[in-house]
Amino acid sequence: MVGAASVLAALFRAPLTASLLLFECTRNYDVILPLMASAGVASLTGDIVEKWLDEEQRENDPVSWGDLATRVYETDDGICITPPDEDAEK
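Given the structure is predicted, the values throughout are model-derived calculations rather than measurements.

## With respect to the packing of helix 1 (residues 2–12) against helix 3 (residues 32–60)
Relative orientation and spacing of two packed helices are given, respectively, by the angle between their axes and the distance between those axes. Close contact between helix 1 and helix 3 brings their axes to 8 Å; oriented N to C, the two are set at 40 degrees. Classified by the angle their axes make, helix 1 and helix 3 are oblique. Helix 3 is crossed by helix 1, and the crossing has right-handed handedness. Contacts from V2, A5, S6, A9 and A10 of helix 1 reach helix 3 at P34, L35, S38, A39, A42 and S43. Taken together, the residues that form the contact of helix 1 with helix 3 break down as eight nonpolar, three polar and no charged.

## As for the packing of aromatic side chains
Enumeration over the complete set of coordinates arrives at one aromatic pair. Centre to centre, the rings of F23 and Y29 are 4.8 Å apart; their planes meet at 35 degrees, and the pair counts as tilted. Under the relative-accessibility criterion, Y29 is labelled exposed at 66%.

## Quick notes on helix 2 (residues 15–26)
Quick reminder: α-helices carry 3.6 residues per turn. Residues three or four places apart thus point the same way. The end-to-end C-alpha distance of helix 2 is 17 Å, a good match for the 16 Å that 12 residues give at a rise of 1.5 Å each. For helix 2, the full list of buried residues reads A18, S19, L22 and F23. The buried side chains of helix 2 occupy one side of the element, clustering within an arc of 130 degrees when seen end-on. What points out from helix 2, more than 90 degrees from its buried face, is the exposed set L16, L20 and C25. Once helix 2 ends, the next one or two residues include R27, with phi positive near 55 degrees.

## Quick notes on the confidence of the model for the chain
Here the chain shows a mean pLDDT of 78. Residues at 70 or above account for 67%. Looking over the chain, one finds the lowest element-wise mean pLDDT in helix 4 (residues 86–89), namely 52, and the highest in helix 2, namely 89.

## Points about helix 1
Among the residues of helix 1, those classed as buried are A5, S6, A9 and A10. Looking straight down helix 1, one finds that the buried residues subtend no more than 135 degrees of arc, so they occupy a single side. What points out from helix 1, more than 90 degrees from its buried face, is the exposed set A4, L11 and F12. Lining the buried residues of helix 1 we find helix 2 and helix 3.

Reading the values: rules and limits
Residues numbered from 1 in each chain as written. Predicted model: local features only at pLDDT ≥ 70, side-chain atom pairs only at ≥ 80, totals over all residues. Heavy atoms only, no water. Axes fitted to C-alpha atoms, helices over the stretch in contact; angles between N-to-C directions. Helix = DSSP H or I, 4+ residues; strand = E, 2+ residues; numbered from the N terminus. Parallel < 35°, antiparallel > 145°, perpendicular 65-115°, else oblique. Left-handed = near helix turned anticlockwise from the far one by under 90°. Contact = heavy atoms within 4.5 Å. Nonpolar A, V, L, I, M, F, W, Y, C, P; charged D, E, K, R; others polar. Phe/Tyr/Trp six-rings, centres within 6.5 Å; stacked < 30°, edge-to-face > 60°. Buried < 20%, exposed > 50% of the residue type's maximum accessible area, 1.4 Å probe, protein only. Expected span 1.5 Å × (residues − 1). Arc of directions from axis to C-beta. pLDDT = per-residue confidence, 0-100.

If you want it as structure tokens, here you go:
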């Protein structure tokens, strides 16, 4: 039962909800401490794995995340979105 509640806590990011649900099912205070420990470990593990997968997806993405931001350049004429053509000035 503690393992099932830990999986619930990790998947839904709700350790307190998992603790309350398990207590409601068992009506046993002895399961609260092991459940909170295992739910905390499961939540931390889920966060670490999610961060690792997100970084791996960004590395494999053909579009650079920096390219998604619009760059604004200031020129003498005003503000433009495209970079100024340095060759035209020379």
